[in-house]
Amino acid sequence: VRFDMAEAGNCYAAGRDTAAVFHAMRVGEHGLRLLARKIRVKLTHKQKNCPIEFADWELIVTAIKNKISVVRQRRTGPKRQARLEFFADAGDHCLFMKDIWRNNVSHTRKPYKQAEALGVLERVRDFMKFIGDNL
């Protein structure tokens, strides 16, 4: 993750805004995969187990969202509420990044300008801080 963090900053500083967004999404993916491992999501693709390292964002985000359903079935109380809020917030962060930036930059749909790249860098920073503070 350090490599991509440095590259995102270097690309932004050099005015390579789309490249900065690309590397920021790689940083976000490291956070997404760490989150999936920590909360022990089970991933399957075509009815076979799928290692987290080979799963796409959609599969991982869906698995995180499914964890919310499992937590909702537990007895109510402060621990359940805290877990529910964490999963919901984490899932929303990931879904937002995937739908707004990750798909566009990875599938060459859109170039990014400086202000947009800065917004992405800040959002990914906030996501990684959230993951670090809560795991």
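Preceding block: the structure.
Reference entry: report on the structure contained in this document. (Residues numbered from 1 in each chain as written. Predicted model: local features only at pLDDT ≥ 70, side-chain atom pairs only at ≥ 80, totals over all residues. Heavy atoms only, no water.)

### Thoughts on the overall build of the protein chain
The criterion, for reference: Only runs of H or I of at least four residues qualify as helices and only runs of E of at least two qualify as strands under DSSP, and these elements are numbered from the N terminus. Within these notes, the globule rule equals 2.2 Å times the number of residues to the 0.38 power, and the radius of gyration is based on C-alpha atoms. Type-normalised accessible area, obtained with a 1.4 Å probe on protein chains alone, sets the label of each residue: buried when under 20%, exposed when over 50%, and partly exposed for intermediate values. For this analysis, residues touch if any pair of their heavy atoms sits within 4.5 Å.
Along its length, the protein chain carries 5 helices and 2 strands. Helices and strands in the protein chain line up, N terminus first, as α-α-β-β-α-α-α. The C-alpha radius of gyration computed for the protein chain amounts to 16 Å, which stays within 12% of the reference 14 Å derived for 135 residues, consistent with globular compactness. For the protein chain, the spread of C-alpha atoms along the three principal axes comes to 50 × 35 × 25 Å. Looking at the protein chain as a whole, 39% of its 135 residues qualify as buried. Sequence-distant contacts in the protein chain: of pairs separated by 6 or more residues, those separated by 24 or more amount to 61%.

### Side note on the environment of Arg-83
The residue Arg-83 is located in helix α4 (residues 78-106) in this model. Overall, the relative accessible area of 34% leaves Arg-83 in the partly exposed class. Along the backbone, Arg-83 and Phe-130 are 47 residues apart, and their C-alpha atoms lie at a distance of 14 Å. Setting aside residues no more than four positions away along its own chain, Arg-83 makes contact with Val-71 and Arg-74.

### Considerations on unusual backbone geometry
Although it is not a glycine, Arg-40 sits at a positive phi angle of roughly 60 degrees. Tracing the backbone through its elements, the reader meets Arg-40 in the loop between α2 (17-38) and β1 (44-45). Its identity as a non-glycine residue notwithstanding, Thr-108 has a phi of 50 degrees, on the positive side. With respect to the helices, strands and loops of the structure, Thr-108 is situated in the loop between α4 and α5 (114-134). Among the residues examined, Thr-108 registers a relative accessible area of 73% and is labelled exposed.

### Points about helix α1 (residues 2-13)
The test is simple: Expected helix span is computed as 1.5 Å times (number of residues minus one). Along the arc lie the directions from the helix axis toward the C-beta atoms.
Look at α1: 16 Å from first C-alpha to last across 12 residues, which is about the 16 Å you get at 1.5 Å a residue. Regarding α1, the residues found buried are Asp-4, Ala-8 and Cys-11. All buried residues of α1 fall inside an arc of 75 degrees around its axis, so they share one side. Facing away from the buried surface of α1 by more than 90 degrees, the exposed residues are Arg-2, Phe-3 and Ala-13. Looking at the packing, one finds that the buried side of α1 touches α2 and α5. Looking one or two places after α1, you find Gly-15, whose phi comes out positive at around 80 degrees.

### Observations concerning helix α3 (residues 57-72)
One turn of an α-helix holds 3.6 residues; hence residues three or four places apart share an orientation. Over its 16 residues, α3 extends 23 Å from the first C-alpha to the last, a length consistent with the 22 Å expected when each residue adds 1.5 Å. Restricting attention to buried positions, one finds in α3 the residues Trp-57, Ile-60, Val-61, Ala-63, Ile-64, Ile-68 and Val-71. Down the axis, α3 shows its buried residues gathered within 160 degrees of arc, on one side only. Buried positions along α3 lie against α2 and α4.

These results come straight from atomic positions and should not be treated as a statement about function.
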